[in-house]
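The lines below spell out each chain.
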Amino acid sequence: MSVFPKISLRLEVENYLKEGFLNKEVVSALGKQEAERKFETLLNHLSHPPSFTTVRVNTRQASVQHVKNMLLDEIQKQFNGLSVPVLQHPNLQDVLLIPVIGPRKNIKKEECEVVVGAQCGNAVLRGAHVYVPGIVSASKFMKAGDIVSVYSDIKGKCKKGAKEFDGTKVFLGNGISESSRREIFSGLPDPRGIGVRMTEPVYLSLSFYNVLPGYLFLQNLPSTVVTHVLGPQPGERILDLCAAPGGKTTHIAALMRDQGEVIALDKIANKVTRIKQNALLLGLNSIRAFCFDGTKALKLNPVTDIEGEPPFLPESFDRILLDAPCSGMGQRPNMACSWTLKEVMSYQPLQRKLFTVAVKLLKPGGVLVYSTCTITLAENEEQVAWALTEFPCLQLQPQEPQIGGEGMMGAGLSVEQLKQLQRFDPSVVPLQDMDFGSLRDAREEDMVWLANKDCIGFFIAKFIKCKSTEKKDP
């Protein structure tokens, strides 16, 4: 059931997305009315969180069963003795699924209000407490220990430090303030810590703050599928071209049993630091992370060679993951996106630059996986069509495991090619109402099926390089 309005977009962006989802091929296959219904359903789903929280177990540190038992204990603690099942995914053996309870509709709204930024609000809907930097407004007399109602300023109109806000805001639930209004807006540089501890959220999810660090990694379900599709093997040399924050990098290393070499690149220094921290926390030694622009990762002058550091020689990697920078339009929950059409459309050229570098760095016979967390045709199926035309050395490959749906029509790909893609489209299932009672009656296979469908919007394509792209000397 829908409790929030559909995602708020600029009209030019909504029209651009609609044009993609109602392209001639789709309308011809589904009819205009059904195509429009699916598009509106998708916009509605994007503002709501997925039905399950997904965690990947670090199998280098502990067994999946051991971590599952620890999570069950943690749920009992956080949910005051109420129990929620933890399911091991049958096709992703290192993945655990935890149902999200909600939406809970009978929460009494308090007089004392806290308004948070949209990003903070999205995190609250996925189980986080409210941290001080995310608070933009608090009622005039709010003290530490007050019961407060928390709202999200989805359009970013609330002034920092306001005592009240009557603009567009969405109720997220109730909590207990850990700080007074005066402490939150004291003007001290870099305020930290929890500002409101959520006690009655509209969507009840397990909070992972300081929960089992080193044993698990919080990821969206499709993000865990990508690495299994890549299929890393012990002893290989693998490149993660746009690696931050390191979830997929560390997953690659774990699936290789930490044997071989995983090179992780990102051009933002603090993100590279985070990759290194995650590798250290998870006890993985095969990862080497570099602050480097992926578009420049191909070595043009083999004379100036620094062993093992970017840029790299052509055809020097067994497998490459390009989890490309993208418009991120598949992320959930997301109640508002203020991006212009120019910003949304700016990613396709960058993705093509990175893809070209990836093809040249890949060995003949090697595997290239391209993925995004967006829903646009231009960044997904159109990129596949372009790649197959631009690089005759590439062949599209079937994927294992195949958990998402097939690709979307509209880019000129054949029916067979669309079946080899994975597009995760949450609009294929209705929005769910999950409570403790319905969980008791639910069958495990039905819950896994729902987790596979009701996730973020995502896209995966897998290619194999059939022949060398290097020019041979005559």
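Scroll up for the structure.
Residues numbered from 1 in each chain as written. Predicted model: local features only at pLDDT ≥ 70, side-chain atom pairs only at ≥ 80, totals over all residues. Heavy atoms only, no water.

### Focus: the overall build of the protein chain
Keep this limit in mind: Helix and strand definitions follow DSSP, with helices as H or I runs of at least four residues and strands as E runs of at least two, each counted in order from the N terminus. A radius of gyration in this sense is built from C-alpha atoms; the matching globule rule multiplies 2.2 Å by the number of residues raised to 0.38. Residue exposure (1.4 Å probe, protein chains only): buried if accessible area is under 20% of the type maximum, exposed if over 50%, otherwise partly exposed. By definition in these notes, contact holds between two residues if any of their heavy atoms fall within 4.5 Å. For the area figures, the Shrake-Rupley method with a 1.4 Å probe applies, and any residue is considered shielded solely by the protein chains shown.
Helix and strand content of the protein chain: 15 helices and 20 strands. Relative to the 2.2 N^0.38 estimate, which gives 23 Å for 474 residues, the radius of gyration of the protein chain is 23 Å and therefore close to what a compact globule would have. With the principal axes as the frame, the protein chain shows a C-alpha extent of 80 × 50 × 45 Å. Residue burial in the protein chain is summarised as follows: out of 474 residues, 55% are buried. Within the protein chain, counting contacts between residues at least 6 apart in sequence, those at least 24 apart form 78% of the total. Surface accessibility of the protein chain: about 21,300 Å² in total, with carbon and sulfur atoms responsible for 51%.

### Some points on the packing of helix 7 (residues 221–230) against helix 8 (residues 247–255)
The cut-off we apply is this: In this description, a line fitted to the C-alpha atoms serves as the axis of each element, helices being fitted only across the stretch in contact, and the angle between N-to-C directions of two axes falls anywhere from 0 to 180 degrees. Geometric relationships in this document are graded by angle, where less than 35 degrees denotes roughly parallel, more than 145 denotes roughly antiparallel, 65 to 115 denotes roughly perpendicular, and other angles denote oblique. Helix crossings fall into two classes, left-handed where the near helix is turned counterclockwise from the far one by less than a right angle and right-handed where it is turned clockwise. Three residue categories are used. Nonpolar comprises Ala, Val, Leu, Ile, Met, Phe, Trp, Tyr, Cys and Pro, charged comprises Asp, Glu, Lys and Arg, and polar comprises the others, including Gly.
It is at 10 Å that the axes of helix 7 and helix 8 come closest, and there the two elements cross at 40°. Taken as axis vectors, helix 7 and helix 8 run oblique relative to one another. In terms of crossing hand, the pair formed by helix 7 and helix 8 is right-handed. Contacts from Ser223, Thr224, Val226, Thr227, His228 and Leu230 in helix 7 reach Lys248, His251, Ile252 and Leu255 in helix 8. Split by residue class, the contact of helix 7 with helix 8 holds four nonpolar, five polar and one charged.

### A look at helix 12 (residues 381–390)
All buried positions along helix 12 are accounted for by Glu381, Gln383, Val384, Ala385, Trp386 and Ala387. Residues of helix 12 that are buried sit in contact with helix 11 (347–361), strand 17 (362–372), strand 18 (394–396), helix 13 (415–419), strand 19 (422–424) and strand 20 (458–465).

### A closer look at the side chain of Gln399
As a reminder, the rule being used: Side-chain atoms alone can form a polar contact between residues adjacent in sequence; in general such a contact is a pair of N or O atoms within 3.5 Å, and within protein one must be able to donate a hydrogen while the other accepts it.
Considering the arrangement of structural elements, one finds Gln399 in the loop between strand 18 and helix 13. Residue classification places Gln399 among the buried positions, given a relative accessible area of 5%. Of note is the side chain of Gln399, whose polar atom sits 3.0 Å from the backbone oxygen of Gln420. At a separation of 2.9 Å, a polar atom in the side chain of Gln399 contacts the main-chain carbonyl oxygen of Ile460. For Gln399, the contacting residues outside a window of four places in its chain are Val229, Gln420, Leu421, Gln422, Ile460, Ala461 and Lys462.

### Description of the sheet that holds strand 6 (residues 130–131)
Each strand in a sheet pairs with another by means of backbone hydrogen bonds, the pair being arranged parallel or else antiparallel. Spelled out, the test is: Paired strands, in this sense, are two strands between which DSSP finds at least two bridges.
Here we have six strands laid out as an open sheet, ordered 6-10-9-8-5-7, and mixed in their pairing. A single partner strand is all that each edge strand has here, and the edge strands are strand 6 and strand 7 (135–138). Across three bridges, strand 5 (residues 113–117) lies against strand 7 in antiparallel orientation. Along strand 7, the bridge assignment pairs Val114 with Ala138.

### Let's talk about the sheet that holds strand 4 (residues 95–99)
Across the sheet, four strands lie side by side as 3-4-2-11; this open sheet has antiparallel pairing. Where the open sheet ends on each side, the last strands, each with one partner, are strand 3 (87–88) and strand 11 (216–218).

### Regarding the pattern of salt bridges
Any two side chains of opposite charge can pair, on the condition that their charged atoms come close. The line we're drawing: Salt bridge, as applied in this entry: a Lys or Arg side-chain nitrogen positioned within 4 Å of an Asp or Glu carboxyl oxygen.
Inspection of the entire model under this criterion finds 21 salt bridges. A salt bridge links Glu236 to Arg319; its shortest N-O distance comes to 2.7 Å. Linking Glu236 in the loop between helix 7 and strand 12 (237–240) with Arg319 in strand 15 (residues 317–323), this pair joins segments that are 83 residues apart in sequence. For the pair formed by Glu236 and Arg319, the shared burial category is buried. Of the charged contacts, one joins Arg332 and Asp454 as a salt bridge, the two residues approaching to 2.7 Å between their closest N and O atoms. Note that Arg332 is positioned in the loop between strand 15 and strand 16 (336–337) and Asp454 in the loop between helix 15 (444–453) and strand 20, a separation of 122 residues in sequence. Counted as one network, the salt bridges with shared partners bring together Lys6, Glu14 and Glu40.

### Re the pairing of strand 4
Along strand 4, five of the five residues are buried, which leaves the element largely enclosed by surrounding structure. Because side chains alternate across strand 4, one face comprises the buried residues Val95, Leu97 and Pro99, and the other comprises Leu96 and Ile98, equally buried. Here strand 2 (residues 52–57) runs beside strand 4; their pairing, made up of five bridges, is antiparallel. By the bridge assignment for strand 4, Thr53 is matched with Ile98. The hairpin turn running from strand 3 into strand 4, its antiparallel successor, is six residues long.

### Quick notes on the packing of aromatic side chains
Ring pairs (aromatic) are described by centroid distance and by the angle formed between their planes. Our working definition: Ring pairs are drawn from Phe, Tyr and Trp, using the six-membered ring of Trp, whenever the two centres fall within 6.5 Å, and their geometry is named by plane angle: stacked under 30 degrees, edge-to-face over 60, tilted for the rest.
Under the definition given, this model contains 12 aromatic pairs. Between Phe355 and Phe463, the aromatic rings sit 5.4 Å apart at their centres with planes inclined by 85°, giving edge-to-face as the arrangement. Separated by 108 residues along the polypeptide, Phe355 in helix 11 and Phe463 in strand 20 bring together distant segments of the chain. Each of the two residues, Phe355 as well as Phe463, counts as buried. Taken together through their ring pairs, the aromatic side chains of Phe355, Tyr370, Trp386, Phe391 and Phe463 make up a single cluster.

### Considerations on unusual backbone geometry
Pro311 follows Pro310 through a cis peptide bond whose omega is 0°. Look at the link from Glu400 to Pro401: it is a cis peptide, with omega at 0°. Locating Pro401 in the fold gives a position in the loop between strand 18 and helix 13. Look at Asn210: it is not a glycine, yet its phi comes out positive at around 60°. Counting through the fold element by element, Asn210 comes out in the loop between strand 10 (194–201) and strand 11.

### With respect to the packing of helix 1 (residues 11–21) against helix 3 (residues 32–46)
Running from N to C, helix 1 and helix 3 point in directions that differ by 135°, and their axes come no closer than 10 Å. One element, helix 1, and the other, helix 3, form an angle in the oblique class. Taken as a pair, helix 1 and helix 3 cross one another with a handedness that is right-handed. Contacts between helix 1 and helix 3 involve Glu14, Leu17, Lys18 and Phe21 from the former and Ala35, Glu36, Phe39, Glu40, Leu42 and Leu43 from the latter.

These figures come from the coordinates and say nothing about function on their own.
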